[in-house]
Amino acid sequence: MSTLADDSPSSTSPSPSAPRGGPIASATGDPCVLVIFGASGDLTRRLLLPALYHLACDGLLSGKFAIVGMAMDDWTTEAFRQRMAAQVRQFTTRTPFDEQVWNDFVDRLHYVPGKFTDAAAFERLRTVVSGLDAKLGCGGNVLFYMATPPSVFGMVSNALHSAGFDRLGEGWKRVIVEKPFGHDLASAAALNREMLKFWREDQIYRIDHYLGKETVQNLMAFRFSNGMFEPLWNRNYVDHIQFTVDESVGVEARGSYYETSGVLRDMIQNHMFQMLAYLCMEPPVSFAADAVRNEKAKLLDAVRIMTPEQVRTNTVRGQYGPGRGTDGAPLAGYRQEPNVSPTSGTETFAAIKLNIDNWRWDGVPVYLRSGKRLWKRGTEIVVQFKRAPDVLFRNTEVDSIEHNRLIFHMQPDQGIELRFHAKVPGPALRLQNVNMHFAYGDAFKASRAIGYEVLVYNCMIGDATLFSRTDLVEGAWRIAQPLLDYWSSTPPTDFPNYEAGSWGPKAAFDMLEDDKRRWVEIINRDVMERVPLFAGSDPSFLNSLLMILEPDVFEPGDFIVREGDSADAMFFIARGAVEVIDASGERVKELGVGDFFGEIGMLSSKPRNASVRAITQTDVFLLKRTDFNKVLAQHPSFAESVERIARERYRAPEAS
Ligand code: NDP
Ligand code: BG6
């Protein structure tokens, strides 16, 4: 039975202020008092208050609006205002700072000190909130924001009830709760039960900040407002889907939290499964919150729950060890980070292969990977289409037909890219991979948002579309639970298994190779320019290379090339070091970042004349024979450089 029930409509009928098609951009949020529990915390100062200030800048807050912060710190309202004045200036993403907006905004800030166990503090809070409500005319609308650890959500809800907040006027009462929502399936279900003791489902707004990102929201807009892709969005045309969330940061100061979490709980179970749901769900009947959330829930329900054996074969875990950043600076390993056990078994990287058992996606694997301390920051989704038949191209110069790819660049680059074939100009029929690229920055002039703006605003107008529901949260945990169980029963023996600053563990690359696929590594021109051979090259040449180079990872001692093997690729070292070993087993050369090897066999069409072995973890871009031939034919200056270097290095025969 809900004890903080209000007079707002139930979840089956959206709030009058929440239109079925989503919010109206120009309307302000409903009048309300926003109570922030945990107002002295990191989230409040870094994300929440700056986002509220942005809403004020955009005129999206009602004139009848106030904020009351509560935390243990013994501050006055004046001290709270002064702190927030400094913090918002520091963390706002907008310049210049709008003093006029701020002066009005800061007067709306209030503070009540107190512990969440202190009934008297909640009495004081109620007096302040009712006073503001009456003074401003908020109609009894109160939005509670739990910017606290989840362990106190129940405690705060209970205290609110005891203090009689449910008897505070007529208006709506809503609560925003922060992640993590549970630690596993059982704890998430328990937390849901606890919250539902005090609140109705339609009053609870569970935040996932990825749903506040424009590029994530655009997944639905892109799919359902464009007629051209939806007919292809199924097992008949899609070969597989990849989700990548690479982070270059480590765990920073969050070691104690991360030790109890790991990347599966921290990123995959929540943010990545939300993106998966948007990308793969069926079209909802409308944009009403429950219509969308029903489809997301159905999609998560259709994800195959793995057996322990499937977890063993379809997942890879990793933990970063010491390494170096792209600038060469040393980076600590995870076990050396503050508040991390020196023998920690927590995974900082995971790659997972999922199957969706429904009509649309049967047989289309979905690969997800995420990790900390990788070589770059980048979130991308790749939809790889099935290959076109190559019958027409037999007996032409075209020796391979590649997959078309639709790539959603989510962050930091924001855009959508389509990769396809085009004919290379000239009399012969030759194909090359080319791309069309839409960049948000070219099309729109929007101020950079934090992501919390849209979430808080939507809650203020009663639109729950971007928030998670009990069944969605539990559905996502249901998928993750077998991984948590298997991983905890089989502690990793090879951690750390990737170097800080690298592309991640080799096993993640092997997992796709076993399926005859590869991760699509999104590289940009800056990365290419670091390879001396490419520095200063023609942009069209670099652009074509960006699309054909394929990533691979080797562990120390792995042979990348073996003497006597036939040559099918050449390699560019993005990271690490290798040794070149001649037929007598002598090390004849060491190669490092920016060097390349494997070109002799490609130029001469003879078997490899030496072996190449990784000395450290080595990340390479490989250029397959078919692409190599195309590049040589189309870019004579590149061909000339490779041939010259090859001759100098190995006294190789001139390529015919
Ligand atoms: P902090 O530890 O920085 O802040 C927690 C806040 O809760 C502090 O104001 C603290 O008060 C208050 N608090 C905790 N227990 C009590 C209590 N018993 N009585 C009164 N006040 C209490 O955490 P964050 O701000 O970083 O995180 C808050 C929530 O937001 C978490 O659920 C986190 O997972 C989530 N989150 C945080 C993000 C971030 O970037 N920080 C990003 C996404 C989600 P005091 O300082 O006085 O102890
Ligand atoms: C948070 C995780 O939810 O998301 C962090 O707790 C992670 O570990 C962050 O770094 C990533 O968010 P974003 O928006 O930077 O991709």
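Here the structure is a predicted model, which is why all the values come from computation and not from measurement.

A.B. asks: Would you take a moment to explain the overall build of the protein for this structure?
C.D. replies: Across its full length, the protein holds 20 helices and 26 strands. At 28 Å, the protein has a C-alpha radius of gyration in line with the 26 Å of a compact globule built from 656 residues. Seen along its three principal axes, the alpha-carbon backbone of the protein occupies a region of about 90 × 55 × 50 Å. Looking at the protein as a whole, 57% of its 656 residues qualify as buried. For the protein, the share of sequence-separated contacts (at least 6 apart) that also reach a separation of at least 24 residues comes to 79%. As presented, the protein carries roughly 27,100 Å² of accessible surface, and 52% of it is formed by carbon and sulfur atoms.

A.B. asks: Got a minute to help me understand the sheet that holds strand β1 (residues 32-37) in this structure?
C.D. replies: Sheet strands associate in pairs through backbone hydrogen bonding, adopting either a parallel or an antiparallel arrangement. Here we have six strands laid out as an open sheet, ordered β3-β2-β1-β4-β5-β6, and parallel in their pairing. Edge strands, defined here as strands with exactly one partner in the open sheet, are β3 (109-113) and β6 (204-206). When strand polarity is set aside, the average angle formed by the axes of neighbouring strands in this sheet is 20 degrees. Looking at chain direction, strand β5 (residues 173-177) and β6 are connected through three bridges and run parallel.

A.B. asks: Honestly, the packing of aromatic side chains in this entry has me stumped. Any pointers?
C.D. replies: Two numbers describe a pair of aromatic rings. These are the distance of the centres and the angle of the planes. Counted under the stated rule, the structure contains 33 aromatic pairs. Judged by centre distance (5.4 Å) and plane angle (35 degrees), the rings of Trp-102 and Phe-105 are tilted. Taken together, the positions of Trp-102 and Phe-105, both in helix α3 (residues 99-106) and three residues apart, correspond to about one turn of that helix. Neither residue differs from the other here; Trp-102 and Phe-105 are each classed as buried. Between Tyr-257 and Tyr-258, the aromatic rings sit 6.4 Å apart at their centres with planes inclined by 75 degrees, giving edge-to-face as the arrangement. Using a relative accessible area of 24% as the deciding quantity, one classes Tyr-257 as partly exposed. Members of the aromatic cluster, each reached through a chain of ring pairs, are Phe-37, Phe-116, Phe-122, Phe-144, Phe-165 and Trp-199. Sitting over the ring of Phe-181, Arg-206 keeps its end group 4.9 Å from the ring centre. A cation over a ring is seen here: Arg-235 above Trp-359, with NZ or CZ 4.9 Å from the ring centre.

A.B. asks: Is there a simple way to think about the nonpolar core in this case?
C.D. replies: Side chains of nonpolar character tend, in soluble globular proteins, to be buried together. If you look at the biggest cluster of nonpolar residues, it comprises 190 residues, and the most contacted ones within it are Phe-37, Leu-52, Tyr-145, Leu-276, Phe-408 and Phe-572. Ranked by residue count, the leading element in this core is helix α9 (residues 263-280), at twelve residues. Residues within four places of Leu-276 in sequence aside, it is in contact with Phe-243, Leu-299, Leu-300, Val-303, Leu-354, Ile-356 and Val-366. Of all hydrophobic cores here, the second largest spans 15 residues; its members include Val-561, Phe-571, Ala-610 and Val-620.

A.B. asks: Looking at this structure, I do not really get helix α4 (residues 119-136). What am I missing?
C.D. replies: Given 3.6 residues per helical turn, the α-helix brings residues three or four places apart onto the same face. For α4, with 18 residues, the first-to-last C-alpha span of 26 Å sits near the 26 Å given by 1.5 Å per residue. In this structure, the buried residues of α4 make contact with β1, β2 (65-71), β3, β4 (142-146) and α5 (153-162). Its side-chain oxygen placed 3.0 Å from the backbone nitrogen of Ala-120, Asp-118 serves as the N-cap of α4. Looking one or two places after α4, you find Gly-137, whose phi comes out positive at around 80 degrees.

A.B. asks: For this particular structure, what's the right way to read the pattern of salt bridges?
C.D. replies: Any two side chains of opposite charge can pair if their charged atoms end up close together. Summed over all chains, the structure comprises 40 salt bridges. Residues Lys-179 and Asp-266 are paired through a salt bridge, measuring 3.2 Å at the closest nitrogen-oxygen approach. With Lys-179 in the loop between β5 and α6 (185-198) and Asp-266 in helix α9, this residue pair connects regions lying 87 residues apart in the sequence. Its salt-bridge partner being Glu-550, residue Arg-518 comes within 2.5 Å of it at the nearest N-O pair. Here Arg-518, found in the loop between α15 (506-514) and α16 (525-529), pairs with Glu-550, found in strand β19 (residues 550-554); they are 32 residues apart in sequence, far enough to count as distant. Residue class for Glu-550 comes out buried when judged on its relative accessible area of 15%. One salt-bridge network, held together by shared partners, links Glu-402, Glu-513, Arg-518, Glu-550, Asp-552 and Lys-624.

A.B. asks: Explain the environment of Met-511 here, please?
C.D. replies: Along the chain, Met-511 turns up in helix α15. Placed 277 residues apart in sequence, Met-511 and Asn-234 show a C-alpha to C-alpha distance of 23 Å. Every residue in contact with Met-511, bar those within four places of it in the chain, is listed here: Thr-313, Asn-314, Thr-315, Val-316, Ala-351, Ile-352, Lys-353 and Tyr-367.

A.B. asks: Sorry if this is basic, but what is going on with the packing of α9 against helix α10 (residues 289-302) here?
C.D. replies: Their axes nearest at 9 Å, the elements α9 and α10 cross at an angle of 105 degrees. Overall, the two elements α9 and α10 adopt an arrangement that is roughly perpendicular. Mapping the contact onto sequence places Phe-273, Gln-274, Leu-276, Ala-277, Tyr-278 and Cys-280 in α9 and Val-292, Lys-296, Leu-299 and Leu-300 in α10. Here the contact of α9 with α10 is built from residues that sort into eight nonpolar, one polar and one charged.

A.B. asks: How do you make sense of the site of ligand 1 when you look at a structure like this?
C.D. replies: In the vicinity of ligand 1 lie 22 residues, with Ser-40, Asp-42, Arg-46, Asp-73 and Lys-179 positioned nearest. A distance of 3.4 Å separates an oxygen atom of ligand 1 from a polar backbone atom of Met-72. In this structure, Lys-179 approaches ligand 1 through a main-chain N or O atom, which is 2.7 Å from an oxygen atom. Contact with the protein chains covers 72% of the free accessible surface of ligand 1, which is 890 Å². For the shell around ligand 1, the element with the highest residue contribution is helix α1 (residues 42-57), accounting for four residues. When its residues are assigned to classes, the shell around ligand 1 shows eleven nonpolar, five polar and six charged.

A.B. asks: What is the right way to read unusual backbone geometry from this model?
C.D. replies: Leaving glycine aside, a negative phi is the common case for residues, and trans is the common case for peptide bonds. Between Lys-179 and Pro-180 the backbone carries a cis peptide bond, its omega angle lying at -5 degrees. Tracing the sequence through the fold places Pro-180 in the loop between β5 and α6. Of the consecutive residues Gln-411 and Pro-412, the connecting peptide bond is found in the cis state with omega at -5 degrees. Residue placement: Pro-412 occurs in the loop between β15 (405-411) and β16 (415-423). Positive phi outside glycine occurs at Arg-373, with the angle close to 55 degrees. On the secondary structure map, Arg-373 appears in the loop between β13 (366-371) and β14 (378-385). Since its relative accessible area comes to 19%, Arg-373 is described here as buried. Residues other than glycine seldom take positive phi values, yet Lys-516 does so here, at roughly 60 degrees. The topology assignment puts Lys-516 in the loop between α15 and α16.

What counts and how
- Residues numbered from 1 in each chain as written.
- Chains lettered and ligands numbered in written order.
- Predicted model: local features only at pLDDT ≥ 70, side-chain atom pairs only at ≥ 80, totals over all residues.
- Heavy atoms only, no water.
- Helix = DSSP H or I, 4+ residues; strand = E, 2+ residues; numbered from the N terminus.
- Rg over C-alpha atoms; globule rule 2.2 N^0.38 Å.
- Buried < 20%, exposed > 50% of the residue type's maximum accessible area, 1.4 Å probe, protein only.
- Contact = heavy atoms within 4.5 Å.
- Areas by Shrake-Rupley, 256 points an atom, 1.4 Å probe, with all protein chains shown as cover.
- Pairing = 2+ DSSP bridges.
- Axes fitted to C-alpha atoms, helices over the stretch in contact; angles between N-to-C directions.
- Phe/Tyr/Trp six-rings, centres within 6.5 Å; stacked < 30°, edge-to-face > 60°.
- Lys NZ or Arg CZ within 6 Å of the ring centre and 35° of its normal.
- Core = buried A, V, L, I, M, F, W, Y, C linked by side-chain atoms within 4.5 Å.
- Expected span 1.5 Å × (residues − 1).
- Polar contact = N/O pair within 3.5 Å; in protein donor to acceptor, adjacent residues only side chain to side chain.
- Salt bridge = Lys/Arg side-chain N within 4 Å of Asp/Glu carboxyl O.
- Parallel < 35°, antiparallel > 145°, perpendicular 65-115°, else oblique.
- Nonpolar A, V, L, I, M, F, W, Y, C, P; charged D, E, K, R; others polar.
- Near = heavy atom within 4 Å.

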